[in-house]
Structure formats: structure tokens, C-alpha cells
Amino acid sequence: MWRPTRRRPSHSGASLLLVAGLTLAACADDGTTTPAGPSSASIVTTTTTTGATTSPTSPTSPTSSPTSTAPESTVSPTTSVTTTTPVVGDPLVGREVVGDFDQPIDLAVRPGDSALWIVEQSGRVVRVDGETRTTALDLTGRISTGGEQGLLGLAFAPADDVAYVNFTDVDGATTIVEFAVSGDHTFDPASERLLLQVPQPYSNHNAGDLAFGPDAMLYIPLGDGGSGGDPDRNGADPETLLGSLLRIDPTPDGERPYTIPADNPFADGTFADGITGAPEVWAWGLRNPWKIAFDSVTGELWIADVGQNRFEEIDIVGPVGEVPAGRGADFGWSAFEGTERFNTDVTDSGRVTAPALTYSHDDGCSISGGVPYRGTAIAELAPAYVYSDYCTGTIWALDLAGGRNLTLLDGFDSVASVRAGPRGELYVLQRSGTVYRLVPD
């Protein structure tokens, strides 16, 4: 087991915008022209720069270069993040190796199971129980691969012994499939049921995550369809499934393989202010919501949305009374990138939910979410949101209540995600192969 030199966490040296109110990580810059404006967001919280921060390198970009327009204005939040959670402490954090995998990209928790379920982008789901590894599912040969395509997400139903996977098929379409989990911890191929399929106009911005919320509904984040700069203007259009967060009940409804929850904002076609949208859409205005996470204590929804050329962002929305988190939220893309105006031909709805945090591409290239820490091994870390960036390999902890962004560890390589395990402890998945567990140091 390797651990770094013991040290206190520092406030991040990143230029941050904490707003009252998070691609495969390698696609933040799609080759578009950088809009004019300040190079980074202004700091509105006290920071120091005692921690090391690796300088990012630019990822490979696609050749397409749609035109992006200069910003005119900034977004102000229409809602505020109100939190009663405590300020985190100054945790001492180390790492230990779990093992090496083939492009590990996601980790899921199965209710009642202490094993880790690792998603390999190349096409397999691997169950890890101590030293024992079981291939639960192998979709190699059925998926498109390379870049941001492949097997991307996994979620287990909270009650039934059923699993859902998110992958891009051989034609590049986002595909959500249900499997029953057998007694030997494998997915029964005879039980396969197609839940949803969404054609993708480009190979990037597939998002790919899956999560069951506290309401037992299945949430599916989809990117804006790809290329760069939102050329099809999907982000601000809730009538398309692209650029949106979908919410469905995976129970069949007649001929439809899933049920539209009655409280979805567009269940009847129209929402507030006469906005119309697809019945599956729960929220919209997202560019490439790479990872989402629900806080297991508060029910808040955190979204790591990958930016274009300038800003990465973390969005957070809480439940309102009995209404689950994020209902009818517009997160602003592509009228805005972060808090800055982006495509001026896209109407500002006037009801945009501003990000909780943005950081500029001086400090990273593509956000890799991310989960609120609710484990017990590193008590002083709770309830910070822990995340990384694909280019920097730095692990940060956003202490929202304390207005701080702590640098915990650096030196990681091509981090695809930070996820919680069965007991709430955190795992760092490097797409280059190694999975680590974060431990007290």
C-alpha cells in the first residue's frame, strides 16, 4: 500500500467562483473558439495556495469547430443553496490500491452487498469481493468504443434484484438496458429488457451515468448531443431528451417499457411559464453531466457538468418540501457556460439555476464527479463533495457550508470518477486502469 507524505489539506489554488445559490472527462474543449472575457472566475471566498496543483494539459479535441459567440452578461441565481450542514474539518487523507482494471469508469453499489461493482468502459461489469473477481456482464462486441463511447454507467434498483446499464451501442445510440441479477452475481442474459434508446448525433457528450434517487425513480443524465458549442441547440430545449436529466419509473406502462412519473414537470406536456417539454425530462440546460450523485442524508442532487472552453461547473439542487431535488431546473447551457453568457442566440430563460461552483481552464480541463462524503473512516471529511479533474489528477473537497474548496490529494492519472462504495467510503477510478480507495492518513 502506497500513501503520500502526511500533510494537511490546503485550500485549492484554483480560481473559484462559489455562487450562492460538474465527459468522459477528456472532452471539455471541443475545438471551438474561446469566447472573449476574463480567463477565470473571480474568487469570492478566502483561499490560500499552499497545496500543490498540477498544471493541466489540453485533451485531444474533435476536428469540428462550430462558432461560439462572445458573452454579453452573467447569470444570477434564481434560487439559493441553503444548507444547515456543518463545515468540514481538516481531514488527513491517503490512498490505497484496490486493483487494476480495463478502463474503469464507474462504480455502483448493490443493496445488501459489500462487494464493489466496477464498470469498465471497454464493456464489462466486474464484481470485486476481496480477492475474488467475477465478470457479471460482458457487452464487448455490442458497444461502440473509443473516446466517450462504451459501457458508461450502472445502477441497481433499491428494492428488486435488478440492474440497469447505460452504454452506446454499435451505432452510437445511448442505450439503457435492464437485467435480473442471478444468484451467482451475474446478469441473466435471458432477462435483458430494453428500457430506452436515444440516438446520438455525434460521438461525444453521451454523459452515461445512472442513479436511483431517494424517491426510487431512475435518473438518466444525457449530454447535449456532442460536437462543440451545442450546434443543434439541444441544451436549452426540453422537448429533446438531449442536454437533459431524465427521470422515469422503470416499471412498464402498457406498451411503453417505463412509466412517466405523474409529478414530472412535463408529464402533461407543459410546465411553468408555458414551457413545453418531453415527459421524461426532469431538468435541462446541461452540456455533458458526466456524473450525478444524491446526498444520502439530505436528498440534494449534485451534478458535475463538463464545460466548453472556459469553465467547469458543479450544480446542486435540493428537495423542496416533498418535491424531489431538481424538478424543472434549467441549468443554463448553452445560453451560459458556467456563469458567463455563451450562445447569444439562445434565449436566457430568466429562471436559470446558477452553479454552486465553477473553475476555469487555468486549473483543469474536465470535471470528474463526484459524491458527497457520508462514510465514517474520514470523519472530518463529511459532508464535503469530493471530486476531481481528468487533466489535473487532483482530488478536491467542496465544503459548501464553509465556502472552501480543499485540495486533498494530487498525483492521480486520468481520473474518470470519484464514487462511494457500500459503506460510503470513496474510490477514485483512473481510466488508465488503477482504482484507489481513499483512507485516513
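Thresholds applied
Residues numbered from 1 in each chain as written. Predicted model: local features only at pLDDT ≥ 70, side-chain atom pairs only at ≥ 80, totals over all residues. Heavy atoms only, no water. Helix = DSSP H or I, 4+ residues; strand = E, 2+ residues; numbered from the N terminus. Buried < 20%, exposed > 50% of the residue type's maximum accessible area, 1.4 Å probe, protein only. Areas by Shrake-Rupley, 256 points an atom, 1.4 Å probe, with all protein chains shown as cover. Pairing = 2+ DSSP bridges. Axes fitted to C-alpha atoms, helices over the stretch in contact; angles between N-to-C directions. Salt bridge = Lys/Arg side-chain N within 4 Å of Asp/Glu carboxyl O. Core = buried A, V, L, I, M, F, W, Y, C linked by side-chain atoms within 4.5 Å. Phe/Tyr/Trp six-rings, centres within 6.5 Å; stacked < 30°, edge-to-face > 60°. Polar contact = N/O pair within 3.5 Å; in protein donor to acceptor, adjacent residues only side chain to side chain. pLDDT = per-residue confidence, 0-100. Contact = heavy atoms within 4.5 Å.

### Remarks on the overall build of the protein
Phase 1 of the analysis: Summing up its helical and strand segments, the protein has zero helices and 28 strands in all.
Phase 2 of the analysis: Taken across its 441 residues, the protein has 61% of its residues classed as buried.
Phase 3 of the analysis: As displayed, the protein offers around 15,600 Å² of accessible surface, 47% of which is attributable to carbon and sulfur atoms.

### Describing the sheet that holds strand β9 (residues 162-168)
Phase 1 of the analysis: Strand order across the open sheet formed by four strands is β8-β9-β10-β11, with antiparallel pairing between neighbours. Each of the sheet's edge strands pairs with one partner strand only, and the pair in question is β8 (151-156) and β11 (193-198). On average, adjacent strands in this sheet sit at an angle of 15° to one another, irrespective of strand direction.

### Examining the pattern of salt bridges
Phase 1 of the analysis: Inspection of every chain in the model, using the stated rule, returns 17 salt bridges.
Phase 2 of the analysis: Close ionic contact of Arg142 with Glu192 constitutes a salt bridge, the shortest N to O distance being 2.7 Å. Placement of the pair is Arg142 in the loop between β7 (132-138) and β8 and Glu192 in the loop between β10 (174-180) and β11, with a sequence separation of 50 residues.
Phase 3 of the analysis: On the accessibility criterion, Arg142 (36% relative accessible area) is partly exposed.

### Some points on unusual backbone geometry
Phase 1 of the analysis: Of note, the amide linkage connecting Trp333 to Ser334 takes the cis form, showing an omega dihedral of 5°.
Phase 2 of the analysis: Topologically, Ser334 is positioned in the loop between β18 (311-317) and β19 (336-337).
Phase 3 of the analysis: A cis amide bond links Gly369 to the next residue, Gly370, at an omega of -10°.
Phase 4 of the analysis: If you check the backbone angles, Ser414 has positive phi at about 45° while not being a glycine.
Phase 5 of the analysis: Mapped onto the elements, Ser414 comes out in the loop between β25 (404-409) and β26 (415-420).

### Comments concerning the nonpolar core
Phase 1 of the analysis: With 36 residues, the main nonpolar core has Trp117, Leu154, Val165, Phe187 and Tyr387 as its most contacted residues.
Phase 2 of the analysis: Counting residues per element, this core draws most heavily on β8, which supplies four residues.
Phase 3 of the analysis: Leu210, Leu218, Ile220 and Leu242 belong to the second-largest nonpolar core, a separate cluster that totals 24 residues.

### Here we look at the packing of aromatic side chains
Phase 1 of the analysis: Applying the stated criterion to the full structure yields 16 aromatic pairs.
Phase 2 of the analysis: Centre to centre, the rings of Trp117 and Phe156 are 4.9 Å apart; their planes meet at 65°, and the pair counts as edge-to-face. Here Trp117 is found in strand β5 (residues 116-120), whereas its partner Phe156 is found in strand β8, with 39 residues between them in sequence. Per residue, the accessibility class of Trp117 equals that of Phe156, and both read buried.
Phase 3 of the analysis: Pairing Phe156 with Phe187 gives two aromatic rings, centres 6.2 Å apart and planes at 85°, and the pair type is edge-to-face. Taken together, the residues Phe156 in strand β8 and Phe187 in the loop between β10 and β11 connect sequence positions 31 residues apart. In terms of burial, Phe156 and Phe187 fall into one category: buried.

### Description of the sheet that holds β26
Phase 1 of the analysis: One open sheet holds the four strands; their spatial order is β3-β28-β27-β26, and the pairing between them is antiparallel. Because the sheet does not close on itself, it has two edges, and the strands there are β3 (93-100) and β26. With strand direction ignored, the average angle separating the axes of adjacent strands in the sheet is 25°.

### Looking at the side chain of Ser368
Phase 1 of the analysis: Mapped onto the elements of the fold, Ser368 is located in strand β22 (residues 367-372).
Phase 2 of the analysis: A polar side-chain atom of Ser368 sits 2.7 Å from the main-chain carbonyl oxygen of Val415.

### Points about the confidence of the model for the protein
Phase 1 of the analysis: Per-chain confidence: the protein averages 86 in pLDDT, with 81% of residues scoring 70 or above.
Phase 2 of the analysis: Taken together, the stretch residues 31-72 has pLDDT below 50 and engages in 100 contacts with residues farther than four places along the chain or on a different chain.
Phase 3 of the analysis: When the criterion is pLDDT under 50, residues 76-83 qualifies, and its contacts beyond four places in sequence or with other chains add up to 23 contacts.

### Examining the pairing of β25
Phase 1 of the analysis: Counting buried positions along β25 yields six of six residues, so the element is predominantly enclosed.
Phase 2 of the analysis: For strand β24 (residues 395-399) and β25, the ladder comprises five bridges, and the chain directions are antiparallel. Paired with Ile395 across the strands is Leu409, a residue of β25.
Phase 3 of the analysis: Linkage of β24 to β25, two consecutive antiparallel strands, is achieved through a turn of four residues, within which Gly403 is found at a positive phi near 65°.

### Considerations on the environment of Leu222
Phase 1 of the analysis: Mapped onto the fold, Leu222 is located in the loop between β13 (218-221) and β14 (244-248).
Phase 2 of the analysis: On the basis of relative accessible area, Leu222 is assigned to the buried category, the value being 1%.
Phase 3 of the analysis: Separated by 68 residues in sequence, Leu222 and Trp290 have C-alpha atoms that sit 8.4 Å apart.
Phase 4 of the analysis: For Leu222, the residues in contact, after removing those within four places along its chain, are Thr174, Val198, Gln200, Asn206, Ala207, Leu241, Leu242, Gly243, Ser244, Leu246 and Pro289.

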